[in-house]
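# Close look at the chain arrangement
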Amino acid sequence: MKHLFTSEEMRPSAKTIFFIKQLAYTYRAFKKNELQGVLCQLGSRTLTNKKNRKTIKMKTIVSPSLLSANFIDLKSDVEMINKSEADWLHMDIMDGVFVPNISFGFPVLEAVAKACTKPLDVHFMILHPEQYIEQTAKTGAMMMNVHYEACTHLHRTIQQIHAAGMKAGVTLNPSTPVSVLEDIICDVDMVLLMSVNPGFGGQKFIENTIQKTARLRKLIKESGSQALIEVDGGVQGETAPRLVKAGVNVLVSGSYVFKSKDPLATIHSLKELEQIED
């Protein structure tokens with residue numbers, strides 16, 4: 001009896017080979033625990049179908065800002081974050097030039113990276129952040145976030161961050177419109193909107209951030225980008241629900257978390273907020 005397939009016909013297609021390779025890559029990544037950051041980004045989603053309409057419920061990602069922690073006893077605050085429902089830990093690095101303040105540098109970042117079990121969301125408020133990409137990657141940081149206003153060659157910087165094995169975020173100051181991201185939005189993993197002027201914690205929330213979030217959400221949807229939206233500044237019990245309703249995925253909160261009587265409960269309250277997308 002003749003074979004039904006020739007040896008040429010029995011070869012798997014290019015699509016099949018690609019699929020098998022993707023499965024192998026995913027398995028290796030899982031074994032190395034490299035999916036943690038991806039899972040944190042996705043949060044917990046629920047799909048429902050009512051009259052052919054899909055609704056996505058996405059848990060809010062919470063990233064407490066270490067800038068408001070107790071610097072005399074950082075270890076205790078990091079341990080609190082480890083025990084909490086927080087998804088990430090947000091770290092603001094300032095140079096005193098791009099912003100009118102100096103926070104901490106790589107010695108603190110490296111020490112925290114060793115003690116923290118949560119993915120690090122590192123926000124560079126400095127000039128020439130591209131000079132520190134490799135050093136940041138060596139700490140094991142999950143996200144490197146750079147300011148649009150501080151990068152002359154933003155596309156190149158985003159490529160370099162990805163090449164170093166990190167997710168790439170771009171931050172916009174309050175006065176910078178979201179339209180500047182039209183040519184880069186599909187290349188970034190996250191956009192951080194500053195809802196206060198960068199440099200200091202505990203500032204009053206800038207109301208225009210709600211409308212700005214809606215404009216950014218529209219840009220992301222129309223472009224087909226998968227970028228998350230993060231907001232930093234004045235995030236607390238009153239502003240957080242409005243931000244999530246406007247389309248924010250990631251809430252950065254400093255003083256509201258670290259200065260509260262019960263930080264674990266405060267983080268839980270933020271985590272309970274759900275974003276609903278149609």
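About the criteria used
- Residues numbered from 1 in each chain as written.
- Predicted model: local features only at pLDDT ≥ 70, side-chain atom pairs only at ≥ 80, totals over all residues.
- Heavy atoms only, no water.
- Buried < 20%, exposed > 50% of the residue type's maximum accessible area, 1.4 Å probe, protein only.
- Helix = DSSP H or I, 4+ residues; strand = E, 2+ residues; numbered from the N terminus.
- Pairing = 2+ DSSP bridges.
- Right-handed = clockwise from strand over helix to strand, strands pointing away.
- Arc of directions from axis to C-beta.
- Phe/Tyr/Trp six-rings, centres within 6.5 Å; stacked < 30°, edge-to-face > 60°.
- Axes fitted to C-alpha atoms, helices over the stretch in contact; angles between N-to-C directions.
- Contact = heavy atoms within 4.5 Å.
- Core = buried A, V, L, I, M, F, W, Y, C linked by side-chain atoms within 4.5 Å.
- Parallel < 35°, antiparallel > 145°, perpendicular 65-115°, else oblique.
- Left-handed = near helix turned anticlockwise from the far one by under 90°.
- Nonpolar A, V, L, I, M, F, W, Y, C, P; charged D, E, K, R; others polar.
- Polar contact = N/O pair within 3.5 Å; in protein donor to acceptor, adjacent residues only side chain to side chain.
- pLDDT = per-residue confidence, 0-100.

### Remarks on the pairing of strand β9 (residues 228-232)
- Across the five residues of β9, five count as buried, placing the element largely inside the fold.
- Here strand β8 (residues 190-194) pairs with β9 via five bridges, running parallel. From the neighbouring strand, M190 faces β9, where its bridge partner is L228.
- Pairing between β9 and strand β10 (residues 250-253): three bridges, direction parallel. What sits directly across from V231, in β10, is L251.
- Note on the crossover from β9 through helix α8 (residues 239-246) to β10: the handedness is right-handed.

### Details of α8
- Within α8, burial applies to T239, A240, L243, V244 and A246. Looking down the long axis of α8, one finds its buried residues gathered within 160° of arc, a one-sided arrangement.
- Downstream of α8 by one or two residues, G247 has phi in the positive range, about 125°.

### Regarding the packing of aromatic side chains
- According to the stated counting rule, one finds three aromatic pairs in the structure shown.
- The interplanar angle of 35° and the centroid separation of 6.0 Å between the aromatic rings of F71 and F104 together place this pair among those described as tilted. In this pair, F71 sits in the loop between β3 (61-64) and α3 (74-83) while F104 sits in the loop between β4 (89-94) and α4 (106-115), placing the two residues 33 residues apart along the sequence.
- Since its relative accessible area comes to 41%, F71 is described here as partly exposed.
- Aromatic ring contacts, followed pair by pair, group F106, F124 and Y132 into a single cluster.

### Side note on the sheet that holds strand β6 (residues 143-147)
- Taken in spatial order, the eight strands make up an open sheet running β3-β10-β9-β8-β7-β6-β5-β4, and their pairing is parallel. Every other strand in the sheet has two partners, leaving β3 and β4 as the edge strands with one partner each. Strand-to-strand, the axes of this sheet are offset by a mean angle of 25°, without reference to chain direction.
- Two strands pair when backbone bridges link them, and β4 and strand β5 (residues 120-125) are joined in this way by six bridges, in the parallel orientation. Among the inter-strand pairings, I93 is bridged to a residue of β5, identified as F124.
- Lying over the sheet, helix α6 (residues 154-163) contacts β6 and β7 (167-172), oriented at roughly 145° with respect to β7.

### Topic: the nonpolar core
- Formed by 60 residues in total, the largest nonpolar core has its most connected members in L120, L216 and L251.
- If you look at the next biggest cluster of nonpolar residues, it comprises eight residues, including F98, V99, M194 and V196.

### Notes on the packing of helix α7 (residues 208-223) against α8
- The geometry of α7 relative to α8 is characterised by a closest axis approach of 9 Å and an angle of 25° between their N-to-C directions. Accordingly, the angle class assigned to the pair α7 and α8 is roughly parallel. Relative to α8, the crossing made by α7 is right-handed. In this structure, α7 uses T209, I210, T213, A214 and R217 to contact α8, whose residues at the interface are R242, L243 and A246.
- In terms of residue class, the contact of α7 with α8 is built from four nonpolar, two polar and two charged.

### Section: the side chain of T213
- Mapping T213 onto the fold places it in helix α7.
- At a separation of 2.8 Å, a polar atom in the side chain of T213 contacts the main-chain carbonyl oxygen of T209.
- Beyond its immediate chain neighbours, meaning those up to four positions away, T213 contacts L193, I229, V231, L243, A246, G247 and V248.

### Describing the confidence of the model for the protein chain
- Considering every residue of the protein chain, the mean pLDDT works out to 86; 78% of them sit at 70 or more.
- Long-range and interchain partners of residues 1-10, a stretch whose pLDDT sits below 50, account for two contacts in this model, where long-range means more than four residues apart.

### Re α4
- Among all positions of α4, only F106, L109 and V112 are buried. Along the long axis of α4, the arc covered by the buried residues comes to 130°, so they all point the same way. Away from its buried face, by an angle of more than 90 degrees, α4 presents the exposed residues P107 and K114.
- The inward-facing, buried residues of α4 contact α3, β4, β5 and α5 (133-138).

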